[in-house]
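# Report on the structure
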Amino acid sequence: MKQRCVAWAHIAGWALVRALPEPVARTVFRFSADLAWRRGGAGARRLAGNLRRVVGPDMSEPDFRRLVRAGLRSYARYWLEVFRLPVTSPERIVSGARTINAEAIHRAHAAGNGVIIALPHTGNWDHAGAWVVLIGMPFTTVAERLEPAALFDRFVAYREGLGMEVLPLTGGKTPPFEVLADRLRAGRLVCIVGDRDLSKRGIEVSFFGGRTRMPAGPALLAVRTGAPLLPATLWYEGDDWGIRIHDPIQVPPGRSPTERVKMMTQRLADAFAEGIAAHPQDWHMLQRVWLDDLPPDERRRHDDRMAASTDPAVRPGG
């Protein structure tokens, strides 16, 4: 019953935000972000911890507090735009995209081997997805199942309405990795948000000087299918949306599949770090990221599990 109420509350809020005049909705969401900043709840504290890793210890406390507030405002803006994206005109979606190196997508797509775009939780990835569809490249992506199911179904329907094919991370008829590989072999675009490992079996990488895990999927798909892997990072640029397509991450020659996946995932983490460092306020990461931040017992279990694993990099679920 509680989950059903949560779902209906989200759906009702979705409709309300779309019905409100945009300036009014923006004011409400900005006020909510500032309230969360002042209260300093769990999400705000986690965002602050993550951002301190990004900017380091030298930023003054007043400047850092302003950065955290800007980060919460950016996160609130993301949700406002998600709710309003179905009523945002295609012309605005395309004209508001401030792109760097977008031609890399076109070059890779024209080669016919499919394209893998991997990105972190920065800026507005739903807007970027709608933009990619509108410039003529529908794509397939994977979504973590939300509870309650009605809310997950709503998000899937919303994203499919924008022209995306959405696969559930778990519970589908076919493992998502196999479907993604098939789409790439058919020359299609695949987009994966890849700055947080949801399976807890991912690749350990160095990220802003600490240890974390990132999914093996993007690199493993590139190794298995030959599709190019392009990192992308996003940010807000005034009222518009910044989109940078980084140079392709090449498959290292003369290495085992495991070594290739590990090396490529580290290079992906480096590209994400470059984009996040340039626009830290637009990294919407309110969950724990670094292994060093885990409780000691959980961190020890992780280290023991990784030490016992013989080949963690070549598991599609990682």
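To start, this report covers the structure provided alongside it. Note that this is a predicted model, so its numbers are computed, not measured.

## Thoughts on the pairing of strand 3 (residues 139–143)
Most of strand 3 sits inside the fold, with 4 of its 5 residues counted as buried. As judged from the 3 bridges shared by strand 3 and strand 5 (residues 189–193), these two strands associate in the parallel manner. Across the sheet, the residue bridging to Thr141 is Cys191, located in strand 5. One ladder, built from 4 bridges, connects strand 3 with strand 4 (residues 165–168); its direction is parallel. Bridged to Ala143 within strand 4 is Pro168.

## A word on helix 7 (residues 125–134)
Most of helix 7 sits out of view: 9 of its 10 residues are buried. Turning to helix 7, its buried residues number three or more, namely Trp125, Asp126, His127, Ala128, Gly129, Ala130, Trp131, Val132 and Val133. Its side-chain oxygen at 3.0 Å from the backbone nitrogen of Asp126, Asn124 defines the N-terminal cap of helix 7. Downstream of helix 7 by a residue or two, Gly136 has a phi angle that is positive, lying close to 100°.

## Some words on the side chain of Ser74
Looking at the secondary structure, you find Ser74 in helix 4 (residues 61–84). Discounting chain neighbours no more than four positions away, the residues touching Ser74 are Tyr236, Gln281, Asp282 and His284.

## Quick notes on helix 11 (residues 257–278)
Taking 1.5 Å of rise per residue, 22 residues should cover 32 Å, and helix 11 covers 32 Å from first to last C-alpha, within 8% of that figure. Residues Thr258, Val261, Met264, Thr265, Leu268, Ala269, Ala271, Phe272, Ala273, Gly275 and Ile276 constitute the buried set of helix 11. Looking at the packing, one finds that the buried side of helix 11 touches helix 3 (42–55), strand 2 (115–119), strand 6 (203–207), strand 7 (210–214), helix 10 (217–225) and strand 8 (229–237).

## A short note on the sheet that holds strand 5
The strands making up a sheet associate through backbone hydrogen bonding, with each pair oriented either parallel or antiparallel. If you walk across this open sheet you meet the 7 strands as 1-9-8-2-5-3-4, and the pairing is mixed. Since the sheet does not close on itself, it has two edges, and those belong to strand 1 (97–100) and strand 4, each with one partner. On average, each strand axis in the sheet is inclined to that of its neighbour by 25°, with strand direction left out of account. Docked against the sheet, helix 9 (residues 176–185) engages strand 2, strand 3, strand 4 and strand 5, running at close to 155° with respect to strand 4. Its contacts with the sheet put helix 11 on strand 2, strand 8 and strand 9 (240–245), and the angle it makes with strand 8 is roughly 15°.

## What to know about the pattern of salt bridges
Any two side chains of opposite charge can pair, given that their charged atoms come close. Under the defined criterion, the tally for this structure stands at 20 salt bridges. Between Arg196 and Glu144 there is a salt bridge; the shortest N-O distance is 4.0 Å. Here Arg196, found in the loop between strand 5 and strand 6, pairs with Glu144, found in the loop between strand 3 and helix 8 (149–161); they are 52 residues apart in sequence, far enough to count as distant. Assessed through its relative accessible area of 23%, Arg196 is described here as partly exposed. Here the salt bridges do not stand alone but share partners, grouping Arg46, Arg53, Glu204, Arg211, Asp292 and Asp293 into one network.

## Digging into unusual backbone geometry
Phi at Asn101 takes a positive value of approximately 65°, unusual for a residue other than glycine. If you trace the backbone, Asn101 turns up in the loop between strand 1 and helix 6 (103–110). If you check the backbone angles, Phe208 has positive phi at about 50° while not being a glycine. The topology assignment puts Phe208 in the loop between strand 6 and strand 7. Judged by its relative accessible area of 22%, Phe208 falls in the partly exposed class.

Criteria and cut-off values
Residues numbered from 1 in each chain as written. Predicted model: local features only at pLDDT ≥ 70, side-chain atom pairs only at ≥ 80, totals over all residues. Heavy atoms only, no water. Buried < 20%, exposed > 50% of the residue type's maximum accessible area, 1.4 Å probe, protein only. Helix = DSSP H or I, 4+ residues; strand = E, 2+ residues; numbered from the N terminus. Pairing = 2+ DSSP bridges. Polar contact = N/O pair within 3.5 Å; in protein donor to acceptor, adjacent residues only side chain to side chain. Contact = heavy atoms within 4.5 Å. Expected span 1.5 Å × (residues − 1). Axes fitted to C-alpha atoms, helices over the stretch in contact; angles between N-to-C directions. Salt bridge = Lys/Arg side-chain N within 4 Å of Asp/Glu carboxyl O.

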